[in-house]
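Commentary on secondary and tertiary structure
Now for the letters of each chain:
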Amino acid sequence: MTTPLLSVRDLRTHIPTPRGLVRAVEGVSFDLERGRTLGLVGESGSGKSMLVRSLIGITPARAERSGEIRMDGEDLLRLSRAGLRRYLGRRVAMVFQDPMTSLNPVVRIGRQLTEGPVRHLGMNRRRAEERALELLRQVGIPEPERRLRQYPHQLSGGMRQRVMIAIALACEPELLIADEATTALDVTVQKQILDLLSHLQRERGMAMIMVSHDLGVVAGRTDEVAVMYGGRLVEQATTTALFDAPRHRYTRALLDAIPRMDHPRGTPLRTIEGSPPDLTRTGPGCPFAPRCAARVDACVTTEPQLVREDGGHTHACLVPVGGPRRTATAVRGAGT
Ligand SMILES: Nc1ncnc2c1ncn2[C@@H]1O[C@H](COP(=O)(O)OP(=O)(O)O)[C@@H](O)[C@H]1O
Ligand SMILES: [Mg+2]
């Protein structure tokens, strides 16, 4: 077996706050192969952003990370923040929900696009500008020459997000992380940007982590999907397996909450009852147990461990949809 591009084992990110220790990421393990796309889904507050931020070391200053994050075998948790930025600067890029907070409002688009290649790839400014034009064309921005001289506020939301993607691609990253990259955009623009991301990912053979609170966004655009609940990965499988035969009760509930075109008009949209877990809570049991209709006594007293079934499908549910399988084995380094 080859080394995965990214290999995460038992990652924890805990943030001390006045209301207690927030266990935003709690024992997360997964692998990502080169050129593959992983969808990361879960309700708002489940720890998706904290997980991807933990990978590249941009967590709040007080946050403590433990576990293992390996990129090409190198343990990223052993690097200092500065060392990490140097190491990841050109290899991993991230696109956030709100481009206005990550674009510098007083710097022209052109300058923001050339900064990375000049710093990380040692390009001279002329060459970097030619590349900037090329990148703007690739992300579908009309009149790129004019755009280079403009400031972020002169662009629409969708155009700004395209610029962010161009900046992210400028150093030819091996891994692109898109955290709710289209959530702030209207539906039509959202689809265009998601399709653009998928197209660029395939064309460049980049690995990608696509983060969304919306399962519909990752369906059809990812190879695998990981489902996060209460700071934990509770299920991971190929996208087809996850949609066709989810094993975890929470995933089932998420799928049931998606509006479907083939349902008769007026079918009420199911939502998941109860509130998301409090991440300061400790104690035994499955974090989803309080909201789970299939809960048995053991769910309240025992924390389910992540197990791997045939085909690499993993889940942490004591009463999986479709019943337990005898072939399931514990995932190394997952949980406690
Ligand atoms: N800067 C912070 N300080 C303390 N807690 C935070 C901070 N940012 C996020 N959190 C908490 O971490 C948890 C996970 O948040 P987040 O990763 O943003 O969730 P998601 O991206 O899935 O919506 C939440 O309980 C949130 O309140
Ligand atoms: Mg988030």
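Treat the numbers as computed from the prediction; the structure is a model and nothing was measured.

**A few points about the packing of helix α5 (residues 125-138) against helix α7 (residues 157-169)**
Close contact between α5 and α7 brings their axes to 9 Å; oriented N to C, the two are set at 130°. When the axis of α5 is compared with that of α7, the two are oblique. The interaxial crossing formed by α5 with α7 has right-handed handedness. Contacts from R131, L135 and L136 of α5 reach α7 at V163, A166 and L169. Taken together, the residues that form the contact of α5 with α7 break down as 5 nonpolar, no polar and 1 charged.

**Regarding the site of ligand 1**
For ligand 1, the set of nearby residues contains 14 residues, the closest of which are G45, G47, K48, S49 and M50. Interatomic distance of 2.9 Å between a side-chain N/O atom of S49 and an oxygen atom of ligand 1. Here ligand 1 loses 68% of its free accessible area of 560 Å² to cover by the protein chains. Elements supplying a minimum of two residues to the shell around ligand 1: β1 (6-17), β2 (20-32) and α1 (48-55). Of all the elements, α1 adds the most residues to the shell around ligand 1, at 3 residues. For the shell around ligand 1, the per-class residue count stands at 6 nonpolar, 6 polar and 2 charged.

**Some thoughts on unusual backbone geometry**
Most peptide bonds take the trans configuration, and most residues that are not glycine carry a negative phi. Positive phi outside glycine occurs at D72, with the angle close to 50°. Summarising the element assignment, D72 is placed in the loop between β4 (64-71) and β5 (74-75). Classification of D72 as partly exposed rests on a relative accessible area of 33%. Of note in the backbone geometry, E180 takes a positive phi value of approximately 50° without being a glycine.

**Observations concerning the pattern of salt bridges**
For side chains bearing opposite charge, pairing can occur when the charged atoms are close. Tallied over the entire structure, the rule returns 26 salt bridges. In this structure, R78 engages D75 in a salt bridge whose closest nitrogen and oxygen atoms are separated by 3.2 Å. Across the pair E145 and R137 runs a salt bridge whose closest N-O atoms are separated by 3.5 Å. Taking the relative accessible area as the measure of exposure, E145 reaches 42% and is therefore partly exposed. Judged by relative accessible area, R137 falls into the partly exposed class, the value being 45%.

Calculation criteria
- Residues numbered from 1 in each chain as written.
- Chains lettered and ligands numbered in written order.
- Predicted model: local features only at pLDDT ≥ 70, side-chain atom pairs only at ≥ 80, totals over all residues.
- Heavy atoms only, no water.
- Axes fitted to C-alpha atoms, helices over the stretch in contact; angles between N-to-C directions.
- Helix = DSSP H or I, 4+ residues; strand = E, 2+ residues; numbered from the N terminus.
- Parallel < 35°, antiparallel > 145°, perpendicular 65-115°, else oblique.
- Left-handed = near helix turned anticlockwise from the far one by under 90°.
- Contact = heavy atoms within 4.5 Å.
- Nonpolar A, V, L, I, M, F, W, Y, C, P; charged D, E, K, R; others polar.
- Near = heavy atom within 4 Å.
- Polar contact = N/O pair within 3.5 Å; in protein donor to acceptor, adjacent residues only side chain to side chain.
- Areas by Shrake-Rupley, 256 points an atom, 1.4 Å probe, with all protein chains shown as cover.
- Buried < 20%, exposed > 50% of the residue type's maximum accessible area, 1.4 Å probe, protein only.
- Salt bridge = Lys/Arg side-chain N within 4 Å of Asp/Glu carboxyl O.

Such coordinate-based values are descriptive only and should not be taken to indicate function.
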